[in-house]
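Secondary and tertiary structure notes
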Amino acid sequence: MGWYTNVIRSLGHRPWFAAAGRTLVPVDRWLQRRTGGRVTILGRSALPTLLLTTQGRKSGLPRTVPLIYAADGDCFIVTASNWGQEHHPAWSGNLLAASTASVMLPGGNEIPVLAALAEGAERDRVWPLVTKVWPAYDTYVERSGRDLRVFVLTPS
């Protein structure tokens, strides 16, 4: 892991960084779509990211969000942190309503996935995987006052 990644991971604990991140999500989504997932705001080498597309539970329309993920074999582990806000992000509610989704990885590879909420022992097993990638998730739990939803995305 390089110095740049260490700096980004350290800044992730700061409230101002989370606020900036929330503001930049639409820009990052646009940038990743236009470059086939090869370029992100933080830089591709800093953190593993993907674009998750779910079906809006109210609108029925596709909803895409850039997310940090941890690999677990062929699966992707994503965390519904909402940058440490008190409420869950909309995309996590979409996955609870309909477990089918897709992810786009760097290079534009789109993969259909089935999402499952990690609970109990499974959540305990994958939590260290996600906090190794983004240690600020522990800070987000404290800041938000809620358990962060964690999803296992299995290629279908």
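Residues numbered from 1 in each chain as written. Predicted model: local features only at pLDDT ≥ 70, side-chain atom pairs only at ≥ 80, totals over all residues. Heavy atoms only, no water.

The next subject is the overall build of the protein chain. Per the secondary structure count, the protein chain includes 5 helices and 6 strands. The N-to-C order of helical and strand elements in the protein chain reads α-α-β-β-β-α-β-β-α-α-β. Relative to a compact globule of 156 residues, whose C-alpha radius of gyration would be 15 Å, the protein chain shows 14 Å and is just as compact. For the protein chain, the proportion of its 156 residues judged to be buried stands at 45%. Summarising the internal contacts of the protein chain: among those between residues at least 6 apart in sequence, 66% fall at separations of at least 24. By element, 56% of the accessible surface of the protein chain is carried by carbon and sulfur atoms, the whole surface being about 8000 Å². Between the centroid of the 17 positive side chains of the protein chain and the centroid of its 11 negative side chains there is a distance of 10 Å. (Helix = DSSP H or I, 4+ residues; strand = E, 2+ residues; numbered from the N terminus. Rg over C-alpha atoms; globule rule 2.2 N^0.38 Å. Buried < 20%, exposed > 50% of the residue type's maximum accessible area, 1.4 Å probe, protein only. Contact = heavy atoms within 4.5 Å. Areas by Shrake-Rupley, 256 points an atom, 1.4 Å probe, with all protein chains shown as cover. Lys, Arg positive; Asp, Glu negative; His and termini not counted. Charge placed at Lys NZ, Arg CZ, Asp CG, Glu CD.)

Taken together, the side chains of Trp3, Tyr4 and Val7 present a nonpolar region at the surface, about 340 Å² in accessible area. In this structure Trp3 comes out as exposed when scored by relative accessible area, which is 66%. (Patch = residues over 30% accessible without salt bridge, like charges linked within 9 Å, V, L, I, M, F, W, Y side chains within 5 Å. Salt bridge = Lys/Arg side-chain N within 4 Å of Asp/Glu carboxyl O.)

Let us look at unusual backbone geometry. Positive phi values are uncommon outside glycine, yet Asn82 reaches one of about 55°. Position of Asn82 relative to the elements: it lies in the loop between β3 (75-80) and α3 (90-97). Of note, Trp83 is a non-glycine position whose phi angle comes to about 60°, a positive value.

In this section: the side chain of Ser81. Positionally, Ser81 belongs in the loop between β3 and α3. Residue classification places Ser81 among the buried residues on the basis of a relative accessible area of 8%. When sequence neighbours within four positions are dropped, the list of residues in contact with Ser81 reads Tyr137, Tyr140, Arg146 and Leu148.

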